[in-house]
Amino acid sequence: MTHPAVKHIVIVGGGTAGWMTAAAMAKVLLGDFSIRLVESDDIGTVGVGEATIPQIRQFNQALEIDENDFVRQTQATFKLGIQFVDWGRLGDSYMHGFGILGRDRGLLSFHHYWLKAHLAGKVSAIGPYCLNVAAALQGKFMRPPDLGAESPLSSIAYAYHFDAGLYARYLRRFAEARGVRRTEGKVKETVLRPADGFIEAIVLDSGEKIPGDLFIDCSGFRGLLIEQALHTGYEDWTHWLPCDRALAVPCTSVGPPTPYTRSTAREAGWQWRIPLQHRIGNGYVYSSAHISDDEASARLLANLDGVPLSDPRPLRFVTGRRRKFWNRNCVAIGLAAGFMEPLESTSIHLIQSAVTLLLSFFPDQGFDPVMTDRFNEKSTMEWERIRDFLILHYHATERSDTTFWNDCRTMSVPRRLLDYMDLFRHSGRFYRENEELFTQTSWVQVMLGQRITPRSYHPLVDLLSDADLDAFIANVRHIIERCADTMPPHEKFIARYCAANPPA
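Residues numbered from 1 in each chain as written. Predicted model: local features only at pLDDT ≥ 70, side-chain atom pairs only at ≥ 80, totals over all residues. Heavy atoms only, no water.

1. Quick word on the overall build of the protein chain
Secondary structure assignment for the protein chain yields 14 helices and 21 strands. For the protein chain, the residues scored as buried account for 58% of the 504 residues in total. At a minimum sequence separation of 6, the contacts of the protein chain that also span at least 24 residues come to 77%. Working note: accessible area of the protein chain is about 20800 Å², and carbon and sulfur atoms make up 49% of it. Charge centroids of the protein chain, computed over 54 positive and 58 negative side chains, lie 2 Å from each other. (Helix = DSSP H or I, 4+ residues; strand = E, 2+ residues; numbered from the N terminus. Buried < 20%, exposed > 50% of the residue type's maximum accessible area, 1.4 Å probe, protein only. Contact = heavy atoms within 4.5 Å. Areas by Shrake-Rupley, 256 points an atom, 1.4 Å probe, with all protein chains shown as cover. Lys, Arg positive; Asp, Glu negative; His and termini not counted. Charge placed at Lys NZ, Arg CZ, Asp CG, Glu CD.)

Here it is in structure tokens:
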């Protein structure tokens, strides 16, 4: 049976989620489509998702956005990775760098060769064997030049730090220029079809009734459509990720922006530091069961680089996800779909991923349950894999100096995560499942950084003589150091290509 095409799309909520959705649909859905976004200036957005991962570049490139213009307009800086301070033990520091780790040889990943040398006491940290890590810690950045696959410079992977509010405005201009209609207003009522419970229309506080075929819920934690109207349900992950509050505050910059995000473990959570061109974004993500709001605020303000530009803004959340991301003719995107703390900067990626997947599974008005079920299965898999990667940071620690860290260190964790950790601890091996977001390089860097040191390495490494192994390891490090030396300082790269005007 042939069903009518979906023609009228209604997006409820703006912010990063709403305008990313609108911009992508306006770019892809050419022809007789109506895209309408409803938002209210009276309702604020969370706006703390200022750090991203390299996949955001694919989204911007798909929209054919000029990178230099985007960086200028959003006061952005470049990001080569995330530095983690005090996570494994107090005094520890390691970097989760994007891109390539060392140089693979034959069938084996580089870290197996490094492991043999490390277990023999010949090398220490693995960070110096990743160009992104070496460059980030020196404050260097450049876009990857086309020098061929042999040069590490050709494989530089990067993301951005940007002002999420400015990014939403940037995408709003993009979307409206391509026919997206914005309506100012608040949703007062959701009208369901009596026959099947699908959403027929939304009614605004002005009395206007807006019908649609497909509804996208970008209304944030409230989940106006997915939860308040459709009662989809929520899966709570607080027992694994116990932080349930955050305080966010910008401060003045006191030096050149670093090309990396910093995450510093605190007594009851962690503090982020995200450098932009015009300010530094800061926040404390914490467990209210382990520290009071006033204590968290005091700790955050005491650990800023510069002068705070506002009072800390509070945010309360429950880590987890909707039981269905797509329910009937409604798809939840962004915080309406769930919340994953920004420890690995995945918030904006989950928006991007949902929009991309929705366009891949774009329905007709029959809303085939086979399609929606598959969408939900793939989305659930991605959320759960990211969840497990975040849990790893908390659970794989030797810290016992506070009740919070004791609780995290001794808690039970998902079976899949335990299997990943056990396999790596025993053999140094990791196998990525299906299309999960984080690669072997990411898992290896974080597990090593969190003090999971393998007892052994892949036996095929022993086919290389000790002398050849030493020479190989030394050569990789030498090449990484030479490449980092050739890169310009991050702030000079920005000044040359994409410096923003000072904000009013």
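Read on, since the account is not over.
2. Points about the packing of aromatic side chains
Following the criterion strictly, the structure yields 38 aromatic pairs and no others. Where Phe84 meets Tyr94, the ring centres are 5.2 Å apart and the plane angle is 20 degrees; that geometry is what we call stacked. In this pair, Phe84 sits in strand E4 (residues 81–85) while Tyr94 sits in strand E5 (residues 93–97), placing the two residues 10 residues apart along the sequence. Residue class for Phe84 comes out buried when judged on its relative accessible area of 0%. Owing to a relative accessible area of 11%, Tyr94 belongs among the buried residues under this scheme. Relative to Trp405, the ring of Phe404 lies with its centre 5.1 Å away and its plane at 90 degrees, an arrangement referred to as edge-to-face. For the residue pair Phe404 and Trp405, the accessibility class agrees, reading buried in each case. (Phe/Tyr/Trp six-rings, centres within 6.5 Å; stacked < 30°, edge-to-face > 60°.)

3. A look at the pattern of salt bridges
Side-chain pairs of opposite charge can arise where the charged atoms are in close proximity. The tally for this structure, following the rule as stated, stands at 34 salt bridges. Note that Arg299 and Glu267 form a salt bridge whose closest N and O atoms lie 3.4 Å from each other. Pair noted here: Arg299 is in helix H7 (residues 293–301) and Glu267 is in the loop between strand E14 (261–266) and strand E15 (269–275), with a separation of 32 residues, a long-range link. Among the residues examined, Arg299 registers a relative accessible area of 33% and is labelled partly exposed. If you follow the salt bridges from partner to partner, you end up with Arg385, Arg387, Asp388, Arg416 and Glu433 in one network. (Salt bridge = Lys/Arg side-chain N within 4 Å of Asp/Glu carboxyl O.)

4. Describing the environment of His458
Tracing the sequence through the fold places His458 in the loop between helix H12 (440–449) and helix H13 (466–486). When its relative accessible area of 16% is taken as the criterion, His458 is described as buried. Spatially, the C-alpha atoms of His458 and Arg105 are 12 Å apart, while their sequence positions differ by 353 residues. Ignoring sequence-local partners within four residues, the contact set of His458 consists of Leu108, His112, Ser427 and Arg429.

5. Points about the packing of helix H8 (residues 347–360) against helix H9 (residues 369–395)
At a minimum axis separation of 11 Å, H8 and H9 run at an interaxial angle of 160 degrees. When the axes of H8 and H9 are compared, the pair comes out roughly antiparallel. Considering only the axes of H8 and H9, their crossing is right-handed. Facing His349, Leu350, Ser353, Ala354, Leu357 and Leu358 of H8, the residues of H9 in contact are Phe375, Lys378, Ser379, Glu382, Trp383 and Ile386. (Axes fitted to C-alpha atoms, helices over the stretch in contact; angles between N-to-C directions. Parallel < 35°, antiparallel > 145°, perpendicular 65-115°, else oblique. Left-handed = near helix turned anticlockwise from the far one by under 90°.)

6. With respect to the pairing of strand E13 (residues 245–251)
Summarising burial for E13: six of the seven residues are buried, a large majority. One ladder, built from seven bridges, connects E13 with strand E16 (residues 280–286); its direction is antiparallel. Its bridge partner being in E16, Arg245 is matched across the sheet by Tyr286. Across four bridges, the pairing between E13 and strand E17 (residues 313–316) is antiparallel. Its bridge partner lying in E17, Leu247 is registered against Pro314. (Pairing = 2+ DSSP bridges.)

7. So, the sheet that holds strand E21 (residues 338–339)
Across the sheet, three strands lie side by side as E12-E18-E21; this open sheet has antiparallel pairing. If you trace the sheet from one side to the other, it starts and ends with strand E12 (234–236) and E21, each paired once. Each of E12, strand E18 (320–322) and E21 touches H9; the most contacted strand, E18, lies at about 170 degrees to it.

8. Topic: the sheet that holds strand E8 (residues 187–192)
The three strands are arranged E8-E9-E10 in an open sheet whose pairing can be described as antiparallel. The open sheet has two edge strands, E8 and strand E10 (209–211), and neither has a second partner. Shown here is a sheet whose adjacent strand axes are inclined to one another by a mean of 25 degrees, direction ignored. Here E8 runs beside strand E9 (residues 199–204); their pairing, made up of five bridges, is antiparallel. The residue of E9 that forms the bridge with Thr190 is Ile202.

9. A look at the pairing of E9
Most of E9 is tucked away, with five of its six residues classed as buried. Remark: six residues form the turn of the hairpin made by E8 and E9, two consecutive strands paired antiparallel; Gly197 in that turn has positive phi of roughly 75 degrees. Note: E9 against E10, three bridges, orientation antiparallel. Considered in E10, the bridge of Val203 is made with Lys209. Hairpin connection of E9 to E10: four residues between the antiparallel strands, including Gly207 at a positive phi of 100 degrees.

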